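If you want the building blocks of each chain, they are given just below.
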Amino acid sequence: MPRTAVFEQHAERYDAWFERYPAVYASELAAVRALWPPVREALEVGVGTGRFAVPLGIRYGVEPSSAMRRLAAARGVQVMDGVAEALPFPDRRFEAVLMVTTLCFVDDPRQALREAERVLRPGGFLVIGFMDRDSPPGRRYLERHRESPFYREARFFSALEVAVLMQEAGFGELVWRQTLFSDPDTMTRPEPVREGYGSGAFVVVRGQRPPGSRIFAGR
């Protein structure tokens, strides 16, 4: 079952975080933007309140929380009720799929990435943004936020674990970016976006569905 109860109760509080921590938000958005491809037909899975979809020009979203859907719709996102493991779209619908701090909340990460692969066209891109559990700043950040109502039940991943999941789902040509190298609670300006992973708390990875590939064999 999707972990939506806390988001139903505290959607406004979740959305207010982006205003409270503008430097962190700007850093994360810049890291995602660095790997976001120039596409027209794209989907954000776990679109939340639309804080990433809107500036990236992503028109479609999937979100299991009705309270979050309302906020995303108010920002102009065409958002549908659904979960990452069963996307309500036909095969090969999109050129790119985005997930930002979504993987840590899904019940079945492998199935979620299979679904992303299914709805992507051959040659399409999957972009995932997440808090790197194994980076030093990531460990400090997650330790301090483990009592957050939003992250209490989340399962955080390392960059290597995300790489394995993406490769198992058929994605290749992995490219990495990272940011948030200092304490996000004390940041006053956006931090740089650098290549690779291992030093930044927030990591973005882009993988590509091979051109001419078939839909994932597990379906």
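Residues numbered from 1 in each chain as written. Predicted model: local features only at pLDDT ≥ 70, side-chain atom pairs only at ≥ 80, totals over all residues. Heavy atoms only, no water.

1. Observations concerning the side chain of Glu 28
- Along the chain, Glu 28 falls in helix α3 (residues 22-35).
- Arg 51 is the oppositely charged side chain nearest to the buried, salt-bridge-free Glu 28, at an N-O distance of 11 Å.
- Dropping the residues within four chain positions of it, Glu 28 is found in contact with Trp 17, Phe 52, Met 131, Thr 179, Leu 180 and Phe 202. (Helix = DSSP H or I, 4+ residues; strand = E, 2+ residues; numbered from the N terminus. Buried < 20%, exposed > 50% of the residue type's maximum accessible area, 1.4 Å probe, protein only. Lys, Arg positive; Asp, Glu negative; His and termini not counted. Salt bridge = Lys/Arg side-chain N within 4 Å of Asp/Glu carboxyl O. Contact = heavy atoms within 4.5 Å.)

2. With respect to the nonpolar core
- Val 32, Trp 36, Phe 52, Leu 98 and Phe 202 are the most contacted members of the largest nonpolar core, which totals 41 residues.
- The dominant element in this core, judged by the number of residues it contributes, is α3, at seven residues.
- Sequence-distant contacts of Trp 36, defined by excluding residues within four places in its chain, comprise Ala 42, Leu 56, Ile 58, Ala 96, Val 97, Leu 98 and Val 127. (Core = buried A, V, L, I, M, F, W, Y, C linked by side-chain atoms within 4.5 Å.)

3. Observations regarding unusual backbone geometry
- Here the phi dihedral of Thr 101 falls at roughly 45°; this positive angle occurs in a residue that is not glycine.
- Its place among the elements puts Thr 101 in the loop between β4 (94-100) and α6 (109-119).
- Of note, Glu 173 is a non-glycine position whose phi angle comes to about 55°, a positive value.
- With respect to the secondary-structure elements, Glu 173 resides in strand β6 (residues 172-179).
- Given a relative accessible area of 65%, Glu 173 falls into the exposed group.

4. With respect to the sheet that holds β6
- Here eight strands make up an open sheet; going across it, the order is β3-β2-β1-β4-β5-β8-β6-β7 and the pairing mixed. Taken across any chain shown, the strands that pair with only one partner, and hence form the sheet edges, are β3 (78-80) and β7 (194-195).
- Sheet topology places strand β5 (residues 120-131) next to strand β8 (residues 202-208); seven bridges connect them, and they run antiparallel. Note on β8: the bridge partner recorded for Gly 129 is Val 204. (Pairing = 2+ DSSP bridges.)

5. Here we look at the packing of helix α2 (residues 11-20) against α3
- The geometry of α2 relative to α3 is characterised by a closest axis approach of 5 Å and an angle of 90° between their N-to-C directions. Put simply, α2 runs roughly perpendicular to α3. Together, Trp 17, Phe 18, Glu 19 and Arg 20 of α2 and Pro 22, Val 24, Tyr 25 and Glu 28 of α3 make up the contact between the two elements. (Axes fitted to C-alpha atoms, helices over the stretch in contact; angles between N-to-C directions. Parallel < 35°, antiparallel > 145°, perpendicular 65-115°, else oblique.)

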